[in-house]
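Here are the chains, one letter per residue:
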Amino acid sequence: MSSMAKEFDVAIAGAGPAGTSAAIRLALNGARVLLLEEKKFPRAKLCGEFISPECIGHFQQLGVLDQMLSAGANALRETVFYSARGHQVAVPSEWFTSGANALGLSRSEMDQRLLERARTLGVAVLEGSHAAGLVIKNDCVCGVQVKTFTGANEFRARLTIDATGRTRALARHFDREAQRRSSKGKRGLVAFKAHLENTRVAPGACEIYFYGGGYGGLSEIEHGLSNLCFIVSSSDVRRLGSDPDRVLREVVMRNSRAAKTLEQARLSSPWLSVALEGFGRRLLTPANGLLTVGDAASFIDPFTGSGMLMALESGQVVADTIASQLGSAGAAQTVELIAKEYEREYIRRFDSRLRVSGLLRRAAFVPHLAEAAILIFGASAHLRRKLARATRRANNSQSHASIG
Ligand SMILES: Cc1cc2nc3c(=O)[nH]c(=O)nc-3n(C[C@H](O)[C@H](O)[C@H](O)COP(=O)(O)OP(=O)(O)OC[C@H]3O[C@@H](n4cnc5c(N)ncnc54)[C@H](O)[C@@H]3O)c2cc1C
């Protein structure tokens, strides 16, 4: 590490889809970029691994679509929502992007390919490097402090991006009060994920199961495996001795469809679990010189299957905003201008989808409301299509490939 540059245009903490999307786009615009990731890739990640069809356009722009397909990404034609009692309603993938399917691919494969692309474009990638703090001068963030197994280091950058996901490892230093207020009254939720063999999920479908206190998703990924990811109340987890197998059998499989598709399934990976603290938008520019993207900016409800899309897209918004201003003189004003412009564009693009999914969340966790919503939306394809699209922004200006 000692021989590498210490000064960058942009330092990015976190190499999930938001961080790599921003890094690749900034590098393509000629910026000097540092990308810090605390884990060594490839690594497993808790996620439904449903890559919504709009992501394909992003993969094309980022130059990784062929790599995703050759990693064995599975085409997903539709998402089918099942109420606890077995009523169902389907949402075809092509409602989001004409002629395109969604993809099922593990996060270890997807994130690794995005990281490799960033490296190829000259981004200074440091894995096993924990962004531990910020360098602050005259009330402005001007770099990041890094800890590795071998020691500590400091890097300077005109702008720093927190892409560390829901933990907001850097931004959270500035929003303790806001966080405390917003976490009041939040229900305690825990998410689990594992890869399974021998499920009976319908080929080409992402199946979503509702049950008391949460919901789960099952879909095929690469090599014939299925990804199962579900959310349950923390009180259920405690009651069942924090045993994921019991939670699966006694909570998730109360959904009649889940009972059928998971009856003969076998684990092919260890369980991952994480506590979920809340949904919605957070501070986008918590300090001068510090911007947030992806889940660090907002956490959208997983049943929308659009968190990775928001990560890739917010990475695009931040990179476009920075790239349009990087050459300007007057460092302090430029940093402020970038922050204002980024907030404006972010809110324009994402606030309404966050609002719609927030409304849907009320039904998602209450079985009789989920049942009623499935019956109502099941009766009208027109209504269903409108609602599904309201959880995304229809972006007709991007070019999209069709994956068969
Ligand atoms: C239960 C559940 C199911 C989901 N299912 C889906 C789905 O099916 N489809 C979908 O589109 N979205 C889904 N999502 C949402 C999706 O996982 C996220 O929206 C997406 O991962 C956000 O990407 P990101 O890059 O912002 O953050 P992340 O993917 O969380 O990446 C952050 C990266 O930062 C690294 N990091 C963290 N702290 C530090 C630090 N201090 N220093 C350096 N690096 C650090 C982490 O190791 C990680 O690699 C789901 C989420 C949950 C909770």
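Just so it is clear, the model here is predicted, and its values are computed rather than measured. (Residues numbered from 1 in each chain as written. Predicted model: local features only at pLDDT ≥ 70, side-chain atom pairs only at ≥ 80, totals over all residues. Heavy atoms only, no water.)

1. Observations concerning the overall build of the chain
Heads up, the rule is: Only DSSP runs of H or I covering at least 4 residues are called helices, and only runs of E covering at least 2 are called strands; the numbering of each starts at the N terminus. Atoms counted for the radius of gyration: C-alpha only. Globule rule: 2.2 Å times the number of residues to the power 0.38. The contact definition used throughout considers only heavy atoms, calling two residues in contact when any of these lie within 4.5 Å.
Regarding its fold elements, the chain presents twelve helices and 20 strands. Here the C-alpha radius of gyration of the chain, 21 Å, is about what a compact globule of 404 residues would show, namely 22 Å. Based on the C-alpha atoms only, the size of the chain along its principal axes is roughly 60 × 45 × 35 Å. Of the contacts made within the chain by residues no fewer than 6 positions apart, 73% connect residues no fewer than 24 positions apart.

2. Structural notes on the sheet that holds strand S7 (residues 102–104)
So the rule is basically this: Pairing between strands requires that DSSP locate at least two bridges from one strand to the other.
Reading across the sheet, the three strands line up as S3-S7-S4 and stay open at both edges, with antiparallel pairing between neighbours. One side of each edge strand has no neighbouring strand; the edge strands of this open sheet are strand S3 (50–51) and strand S4 (74–76).

3. Looking at the site of the ligand
How we decide: If a single non-hydrogen atom of a residue is within 4 Å of a molecule or strand, that residue counts as near it. The definition of a polar contact used here is a pair of N or O atoms within 3.5 Å, where within protein one atom must be able to donate a hydrogen and the other to accept one, and adjacent residues in sequence count solely through side-chain atom pairs. Method for areas: the Shrake-Rupley scheme with a 1.4 Å probe, in which residue coverage is limited to the protein chains shown. Note on residue classes: Ala, Val, Leu, Ile, Met, Phe, Trp, Tyr, Cys and Pro are nonpolar, Asp, Glu, Lys and Arg are charged, and everything else, Gly too, is polar. Each domain's limits were defined by an automated method or a database of domain assignments.
Glu-37, Lys-45, Gly-48, Arg-107 and Asp-295 are the nearest of the 36 residues found near the ligand. Contact distances for the ligand include 3.3 Å between a nitrogen atom and a side-chain N or O atom of His-130. For the ligand, whose accessible area on its own is 1,000 Å², the fraction buried by protein is 95%. Those elements that place two or more of their residues in the shell around the ligand are helix H1 (17–28), strand S9 (130–137) and helix H9 (307–325). The element that contributes the greatest number of residues to the shell around the ligand is H9, accounting for three residues. In the shell around the ligand, the residues fall into 17 nonpolar, eleven polar and eight charged. The residue makeup of the shell around the ligand includes at least three contributed by each of domain 1 (7–49 + 106–184 + 278–362) and domain 2 (74–101 + 187–276 + 365–395).

4. Description of the pattern of salt bridges
What counts is decided by this rule: In the sections that follow, a salt bridge refers to a side-chain nitrogen of Lys or Arg positioned within 4 Å of a carboxyl oxygen of Asp or Glu. Residue burial is assigned from relative accessible area. The probe radius is 1.4 Å, only protein chains are included, and a residue is buried under 20% of its type maximum, exposed over 50%, and partly exposed in between.
A complete count under the given rule lists 21 salt bridges for this structure. Among the ionic pairs, Arg-348 bridges to Glu-345, the shortest N-O distance being 2.9 Å. Here Glu-345 and Arg-348 lie together in helix H10 (residues 331–364), a separation of three residues that amounts to about one turn. The class of Glu-345 is buried, set by a relative accessible area of 14%. If you follow the salt bridges from partner to partner, you end up with Glu-313, Glu-345, Arg-348, Arg-349 and Arg-353 in one network.

5. Some remarks on the environment of Gly-307
Position of Gly-307 relative to the elements: it lies in helix H9. Sequence-wise, Gly-307 and Ser-219 are 88 residues apart; in three dimensions their C-alpha atoms are separated by 16 Å.

6. Comments concerning the pairing of strand S13 (residues 205–211)
Burial within S13 is extensive, with seven of its seven residues counted as buried. Both faces of S13 are covered, namely the face carrying Ala-205, Glu-207, Tyr-209 and Tyr-211 and the face carrying Cys-206, Ile-208 and Phe-210. When strand S5 (residues 78–82) meets S13, the two strands line up parallel, connected through five bridges. Paired with Tyr-82 across the strands is Tyr-209, a residue of S13. Bridge count between S13 and strand S14 (residues 214–220): six bridges; the pairing is antiparallel. By the bridge assignment, Ile-208 is partnered in S14 with Gly-217. Hairpin remark: S13 followed by S14, antiparallel, with two residues in the connecting loop; positive phi at Gly-213, about 85 degrees.

7. Quick word on helix H2 (residues 55–62)
Among the eight residues of H2, six are classified as buried, and the element is accordingly described as predominantly covered. What H2 keeps buried is the set Cys-55, Ile-56, Gly-57, His-58, Phe-59 and Leu-62.

8. Brief notes about the domain arrangement of the chain
Rules: What gets called buried area is simply the loss in accessible area from a 1.4 Å probe that two parts show on being joined, summed for both.
Per the domain assignment, the segments making up the chain are domain 1 (7–49 + 106–184 + 278–362) and domain 2 (74–101 + 187–276 + 365–395). When each unit is reduced to the centre of its C-alpha atoms, the spacing between domain 1 and domain 2 is 28 Å. Between domain 1 and domain 2, the residue contacts involve 29 residues of the former and 27 residues of the latter. Interface area for domain 1 against domain 2, summed over the two sides, is near 2,100 Å², with a carbon-plus-sulfur share of 60%.

9. Regarding unusual backbone geometry
Residue Pro-42 is bonded to the preceding Phe-41 through a cis peptide linkage, with omega at -5 degrees. Along the chain, Pro-42 turns up in the loop between strand S2 (33–36) and S3. Phi is positive for Glu-49, close to 60 degrees, though the residue is something other than glycine. Within the secondary structure, Glu-49 is located in the loop between S2 and S3. The class for Glu-49 is buried, based on a relative accessible area of 1%. A positive phi angle, near 60 degrees, is found at Asp-139, a position not held by glycine. As for its position among the elements, Asp-139 is in the loop between S9 and strand S10 (140–148). Asp-139 gets classed as exposed once you look at its relative accessible area, which sits at 68%.

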